[in-house]
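Residue strings, one per chain:
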Amino acid sequence: MKTSRRLSAGWLLALAPLAAPLLAQAEAPQRGGEFVYSVSQGDPATLDCHAGSSITTMLRVAPHYSTLLKVDPNDFPNVIGDLAESWEISDDGLEYTFKLHPNVRFHDGSTLDSHDVKVSLDRMRNPPEGVFSAREPIYKDITAVETPDEHTVVVRLGAPNAAMLEVLAAPTGCIYSAELLESDPDYPARKVMGSGPFRFVSFTPGTEWVAERFDDYFVEGRPYLDRVRSLSLATPAMINALASGQVMTDFRGMTEQQAQQVVQTRGDEVEVQYTDGSHNLLLLMLPNVEREPLSDPRVRKALALALDHWGGSKLVQRSTHTNAVGGLLRPGSNFARTPEELAELPGFSKDMEAAREEARELLSEAGYENLKLNFLNRRFFPYVGVFVADQWRRIGVEVEHEQPEDPQFFARRDNGDFDVILSAFSDFAGDPAIQWMSLPSYKDNPTNFGRFNDEKVDAYYEAIKREMDPAKRKEILQEAEAYVLEQGYVYPFFWGNRVMVMDSRVQNYKVSPSNWVGLDFGHLWLKE
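Residue indices begin from 1 for each chain and proceed along its sequence in written order. With the structure being a predicted model, the display of local features is reserved for residues of pLDDT at least 70 and the display and counting of side-chain atom pairs for 80 or more, all residues being used for whole-chain, interface and lining totals. Side-chain numbers come from the whole structure's heavy atoms, not from hydrogens or water.

1. Brief notes about the pairing of strand S11 (residues 227–232)
We treat two strands as partners when DSSP finds at least two bridges between them. Numbering of helices and strands starts at the N terminus; helices are DSSP runs of H or I of at least 4 residues and strands are runs of E of at least 2. Across 6 bridges, the pairing between strand S2 (residues 34–39) and S11 is parallel. The residue of S11 that forms the bridge with Phe-35 is Val-228. Strand direction decides the pairing type here: strand S10 (residues 208–213) and S11, joined by 5 bridges, are antiparallel. By the bridge assignment for S11, Trp-209 is matched with Ser-230.

So, in structure tokens, the structure goes:
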């Protein structure tokens with residue numbers, strides 16, 4: 001007979017959204033006001049949380065949707081309940097039973113129940129034909145979702161997964177209306193309707209997004225704000241808007257120099273917040289292994305060896321806060337290598353003359369001494385292309401730097417129309433089993449945009465998910481990291497150092513290593 005372990009009453013209280021996040025201020029929150037923030041990363045390619053692979057989607061739609069669980073915005077990476085009021089995990093780690101809050105309503109007045117949760121989870125883990133699930137790999141261990149009654153959801157796994165609670169707390173795990181999914185072809189890619197703290201009002205592409213308080217939100221007393229509005233601004237305009245008080249923040253963050261520019265203008269009207277350690281975001285360059293000569297591991301390794309991360313970090317910090325040196329494991333995390341250990345891996349040598357000489361020899365051996373490559377980059381990250389072109393030029397590789405608009409970028413990415421492309425480890429979660437979801441083989445994983453197939457990488461990824469002992473997980477992770485970098489499947493750029501400027505009127509916001517966390521804004525209030 002299967003046995004279960006029940007969370008203690010104290011834990012259940014801590015996990016309920018009514019009790020978290022705890023307000024940092026002793027004074028009672030004030031109701032009312034409009035929270036205005038900028039989005040300096042362009043318009044979303046889709047309004048579908050499940051399909052959006054860029055934070056540009058969630059920066060707009062997150063306030064409109066609920067998720068089963070969520071990461072506590074004031075205590076990263078602790079997982080708390082959202083729609084789930086409580087839960088139990090079986091002793092064998094294969095069964096998660098969730099009790100939902102009663103009386104949850106969608107913005108159209110219909111009731112949200114366990115069927116909506118099941119349909120949404122099934123859509124993410126096993127998308128129907130014509131539906132793209134950007135994070136499908138992290139749901140692979142779910143074998144079934146059952147609904148014993150309208151307020152109970154049972155998630156069954158085929159094998160234990162050390163990161164499953166974080167998986168179910170993904171900010172992109174929006175719970176949709178099952179009825180609307182079936183009846184409206186515009187939902188959810190072009191129509192927004194959820195059960196979150198704010199309901200959709202309007203979207204003017206390239207200009208603004210507007211939301212207003214949902215009075216029937218299931219968390220009593222929330223949200224505190226009347227309205228939420230985001231303005232679409234390029235980075236220079238965003239800095240000026242912050243300095244003039246037109247907007248209250250930009251969740252992308254900024255360089256230290258930009259932050260101080262705002263402080264010089266506004267003084268104590270703003271607050272600068274920093275993450276404790278590096279930001280979860282790692283920008284990457286991915287070679288397309290289906291294209292010659294990038295199918296040759298010698299060429300891929302040569303490109304890795306040419307990268308001077310230690311010297312490059314000092315250069316790029318002038319133009320970006322994404323400048324922390326690290327491999328595939330977040331610097332400062334429990335799993336990361338020391339700088340001395342990292343220097344032993346391709347791309348992290350401190351003897352660049354020797355590393356680049358080895359790179360030239362590998363290219364010569366492979367027959368590609370005068371190599372030309374195109375680098376497909378998003379237009380918001382020009383400094384990555386500048387860095388790559390400069391580094392690879394030093395071993396005789398010419399780079400064509402392309403920066404199309406997002407729709408064309410994503411279409412070419414999905415079609416494999418590139419030599420090397422910009423990508424990233426998504427930063428909404430801290431567990432490597434989630435951050436590395438793009439590494440399993442392309443044949444079973446459409447989010448592996450480098451298109452490589454490697455059974456050894458698959459075996460590493462499987463072991464990472466199953467191992468519950470932190471020390472053993474660290475050993476597996478570091479061995480896997482060394483193998484992936486040696487094969488040249490991934491070229492790390494840099495990890496982020498998150499610098500946030502927030503208007504001092506905004507209360508109960510705490511910067512975390514993830515800029516995806518806390519975007520429903522239900523906990524924020526304005527001190528007037």
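2. Digging into the packing of helix H15 (residues 455–466) against helix H16 (residues 470–487)
Lines fitted to C-alpha atoms define the axes here, with helix axes fitted over just the stretch in contact, and angles between the N-to-C directions of these axes take values from 0 to 180 degrees. Orientation of H15 relative to H16, taken along the N-to-C sense of each, is 160 degrees, at an axis distance of 10 Å. What the angle tells us is that H15 and H16 run roughly antiparallel. Both H15 and H16 take part in a crossing whose hand is left-handed. Two secondary-structure elements touch here, H15 through Lys-456, Val-457, Tyr-460, Ala-463 and Ile-464 and H16 through Arg-473, Ile-476, Leu-477, Glu-479, Ala-480, Tyr-483 and Val-484. In the scheme used here, Gly and all other residues not listed as nonpolar or charged are polar, with Ala, Val, Leu, Ile, Met, Phe, Trp, Tyr, Cys and Pro taken as nonpolar and Asp, Glu, Lys and Arg as charged. Among the residues making up the contact of H15 with H16, the classes are represented as 9 nonpolar, no polar and 3 charged. Note that the term roughly parallel is reserved for angles under 35 degrees, roughly antiparallel for angles over 145, roughly perpendicular for angles of 65 to 115, and oblique for everything else. Note on convention: near helix rotated counterclockwise from far helix by under a right angle means a left-handed crossing. Clockwise means right-handed. Contacts between residues were defined by any pair of non-hydrogen atoms, one from each residue, lying within 4.5 Å.

3. Section: the packing of aromatic side chains
Any two rings among Phe, Tyr and Trp, with Trp reduced to its six-membered ring, count as a pair given centres within 6.5 Å; such a pair is stacked if its planes are under 30 degrees apart, edge-to-face if over 60, and tilted if neither. In the structure shown here, the tally under the stated rule is 23 aromatic pairs. An aromatic cluster of three or more residues is present, and its members are Phe-35, Tyr-37, Phe-251, Tyr-509 and Phe-521. Charge-over-ring placement is defined geometrically: NZ (Lys) or CZ (Arg) within 6 Å of the ring centre, and within 35 degrees of the ring normal. The residue whose ring lies beneath Lys-350 is Trp-310, and the NZ or CZ to ring-centre distance is 4.4 Å. Cation over ring: Arg-413 sits above Phe-449, and NZ or CZ is 4.0 Å from the ring centre.

4. Remarks on the nonpolar core
Only buried residues count toward a nonpolar core. Its members are Ala, Val, Leu, Ile, Met, Phe, Trp, Tyr and Cys residues joined through side-chain atoms within 4.5 Å. Only protein chains enter the accessibility calculation, which uses a 1.4 Å probe; a residue whose area is less than 20% of its type maximum is buried, one above 50% is exposed, and one in between is partly exposed. Core analysis: the biggest nonpolar cluster contains 146 residues, and Phe-35, Phe-98, Phe-251, Val-384, Trp-392 and Trp-436 have the highest contact counts within it. With 6 residues, the single largest contributor to this core is H16. If we ignore the near neighbours within four places in the chain, the residues touching Phe-35 are Leu-225, Arg-227, Val-228, Arg-229, Met-248, Thr-249, Phe-251, Met-502, Val-506, Phe-521, Leu-524 and Leu-526.

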